[in-house]
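Architecture at a glance
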Amino acid sequence: MAKFLFSSKFGGVSAGDFAELNLGNHVGDLPDAVLKNRTQLRSYLALQHLVFMNQSHGSEIFTVEKNYPDQIDADALITSDPSIGIAVLTADCIPLLIDAGNCVAAVHVGRKGLAGGIIPRVLEALINKGGSQMKAWIGPAICGKCYEVSPEIYADVVREIPETATSLESHRLDLPAGAIAQLREYGVATENFHRCTLESPQYYSYRGQARTGRFAGVISL
Ligand SMILES: [Zn+2]
C-alpha cells in the first residue's frame, strides 16, 4: 500500500506571501527557505529521496529511477522504487496521486493537462509497467463553483470533457469532476478530498493571490 500526503501552508520557514511551507522554487521565495521546507517534508515522510517537477502544463511523463536529478521537467512522475517519493506542486490545479500496486504516480492536472489527456496517458503508462487495481487521490484544488473561465475556454473544455460542465451562464469549470470521469473510465477507485484551494485558507491559491506559494501532493511505495 502506497503512502501519500497532501501538505498545506503550515509548518515551514517561508515568510510573507509564501508563509509557511512553500515548496515551489519558481515563485519568488528565498531558495534557502524552499530547500529547508523540502528537506523538512522529506524527513517527516522518512524518505531517502524526494523528487519534484518543473511543471509546464505539458504532457511529459517521466519515470524516476536511480541516478535522477531531484527536479525534473515533466507534468507527471512515475516510480517503482520505494526509496523515492515523487511530488506534484499546485496552487489551484489538481494534485493527483495514483497507487498502481507495483508503482506510483504524481500528476499535475490543470485545465490544459486535463483537456490534453494527461490522465489517460499516465494510466496507460502505469498499466504498461504492470500496474493493476489502481487507486487515486484528488487533492485540494479549485472547485467548480470558483473556477470561472472565458465562454470560449469553457466551451472548448466541455466539448472535450462534458463532466467539467457546470452552467452555461457562469462558465465555471469543474476540473475535479472531469478528472474523476477519466479515472472512472479506467475503473480506478478515486477519493476526492473536496477541499477548494480558493475557499480554504490552509492552501495556496493562485487565483486568490498571484504571488503565492505551492503545496505538494507526495506519494511513495
Ligand atoms: Zn471553491
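Residues numbered from 1 in each chain as written. Predicted model: local features only at pLDDT ≥ 70, side-chain atom pairs only at ≥ 80, totals over all residues. Heavy atoms only, no water.

One can find F10 in the loop between β1 (3-6) and α1 (31-44). Linking F10 and Q202, residues 192 residues apart in sequence, is a C-alpha distance of 7.2 Å. Among residues more than four places away in sequence, those in contact with F10 are E20, L21, P201 and Q202. (Helix = DSSP H or I, 4+ residues; strand = E, 2+ residues; numbered from the N terminus. Contact = heavy atoms within 4.5 Å.)

Attention now goes to the pattern of salt bridges. Counted according to the given criterion, the structure contains 5 salt bridges. Close ionic contact of E148 with R172 constitutes a salt bridge, the shortest N to O distance being 3.5 Å. Within this pair, whereas E148 is found in the loop between β9 (135-138) and α4 (151-160), its partner R172 is found in the loop between α4 and α5 (175-185), the two being separated by 24 residues in sequence. Residues R159 and D156 are paired through a salt bridge, measuring 3.4 Å at the closest nitrogen-oxygen approach. Here R159 pairs with D156, and both are found in helix α4, just 3 residues apart, close to one helical turn. By relative accessible area, which is 62% here, R159 ends up exposed. (Salt bridge = Lys/Arg side-chain N within 4 Å of Asp/Glu carboxyl O. Buried < 20%, exposed > 50% of the residue type's maximum accessible area, 1.4 Å probe, protein only.)

Before going further, it helps to spend a moment on the environment of V109. Turning to its location among the elements, V109 is positioned in strand β8 (residues 104-109). When the C-alpha atoms of V109 and I142 are compared, they prove to be 11 Å apart, with 33 residues separating the residues in sequence. In this structure, V109 is in contact with C93, I94, L96, L114, I118 and I119, ignoring residues within four places of it in sequence.

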